[in-house]
Amino acid sequence: MTIPEDHPRYRSLVTREHLAACARSGIVALEGLTAHGRGEAFDYLLGERTTASAAEAERVAAALLRRAQHPVISVNGNTAALAAPLLAPLQRATGAFVEVNLFHRTEERANTIAALLTQHGVAVLTGTPERLLPLSHDRALCLRDGIYSADVVLVPLEDGDRCEALRAMGKQVIAIDLNPLSRTARAATLTIVDELTRALPLITRAAETLSDEECDYLTRSIDNRYFLKSALEEMKQGLTHGLD
Ligand code: PTJ
């Protein structure tokens, strides 16, 4: 259908149409549509904007990626559908590897997503995935030279057990998750409570502009609970004053 540009929820409706089309072409898992709906609900409470604490977290994320020896951006179906054009600039600014890692994994989906990313100028890691993470589902499958060897992993938008497994392996994990109460958000080294397509350009910009000294300073001690509490505080304000 054609969505009228003057509809008050134009951007949201266009995004939903796009995700539905990506579900039909196999990029997004059907379950990914419900995950998106949950994200939208939290974003409403944030006022659909980047809060000051999220902007701060985005600078810390940029610093972590810049300081990493082997940074990897893990991409799932929703991330590819929503943000494929935003990943190549982030990869250039941080030198991160990009690996496709899926919960609802089929080889066909993984290849379709890798092809989409490549079309958008992303250098996607290739190879034969091995069951290298201590998980009983297919997110365990990853590349030895990719996520398995990473010291810093950026995991946009996912469920929590892999984040916990990566942390247990001694890796630093940066999550982008609109739900500050999710397992991922709580287990990560650093959680950015912001919408993915707002967050990625801000991380890229910070990675391009931070000095080495600023990166050292920002990564010296990271208080994830502060970022989660700040996001919850913003959401409480959204609930309290939503009708003012
Ligand atoms: O592509 P696959 O097969 O790997 O599957 C990906 C999904 C997203 C289906 C899978 O990882 C999943 O089920 O995730 P969850 O457990 O629903 O977690 C997704 C989290 O991302 C939720 O906490 C949402 O609030 C949040 N979220 C959804 N959309 C966005 C978001 N956070 C930031 N930006 C968004 N656009």
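Structure shown above.
What counts as what
Residues numbered from 1 in each chain as written. Predicted model: local features only at pLDDT ≥ 70, side-chain atom pairs only at ≥ 80, totals over all residues. Heavy atoms only, no water. Near = heavy atom within 4 Å. Polar contact = N/O pair within 3.5 Å; in protein donor to acceptor, adjacent residues only side chain to side chain. Areas by Shrake-Rupley, 256 points an atom, 1.4 Å probe, with all protein chains shown as cover. Helix = DSSP H or I, 4+ residues; strand = E, 2+ residues; numbered from the N terminus. Nonpolar A, V, L, I, M, F, W, Y, C, P; charged D, E, K, R; others polar. Core = buried A, V, L, I, M, F, W, Y, C linked by side-chain atoms within 4.5 Å. Buried < 20%, exposed > 50% of the residue type's maximum accessible area, 1.4 Å probe, protein only. Contact = heavy atoms within 4.5 Å.

Q: Which parts of the structure should I look at to understand the site of the ligand?
A: Surveying the vicinity of the ligand reveals 23 residues, the closest of which are Phe103, Arg109, Arg139, Asp177 and Glu195. Interatomic distance of 2.8 Å between a backbone N/O atom of glycine 77 and an oxygen atom of the ligand. Bound to the protein, the ligand loses 95% of the 740 Å² it would expose on its own. Those elements that place two or more of their residues in the shell around the ligand are helix 2 (30-46) and helix 4 (77-94). Considering every element that reaches the shell around the ligand, the biggest residue donor is helix 2, with five residues. Its residues placed into classes, the shell around the ligand shows seven nonpolar, eight polar and eight charged.

Q: Looking at this structure, I do not really get the nonpolar core. What am I missing?
A: As a rule of thumb, soluble globular proteins bury nonpolar side chains together. Core analysis: the largest hydrophobic core is formed by 51 residues, its most contacted members being Leu117, Ile174, Leu200 and Ile203. Tallying contributions element by element places helix 4 first for this core, with nine residues. Filtering out sequence-adjacent residues up to four positions away, leucine 200 remains in contact with Ala83, Leu86, Leu87, Leu90, Leu154 and Ile176. Counting 17 residues, the second largest nonpolar core, distinct from the first, contains Ala140, Ile147, Ala150 and Ala188.

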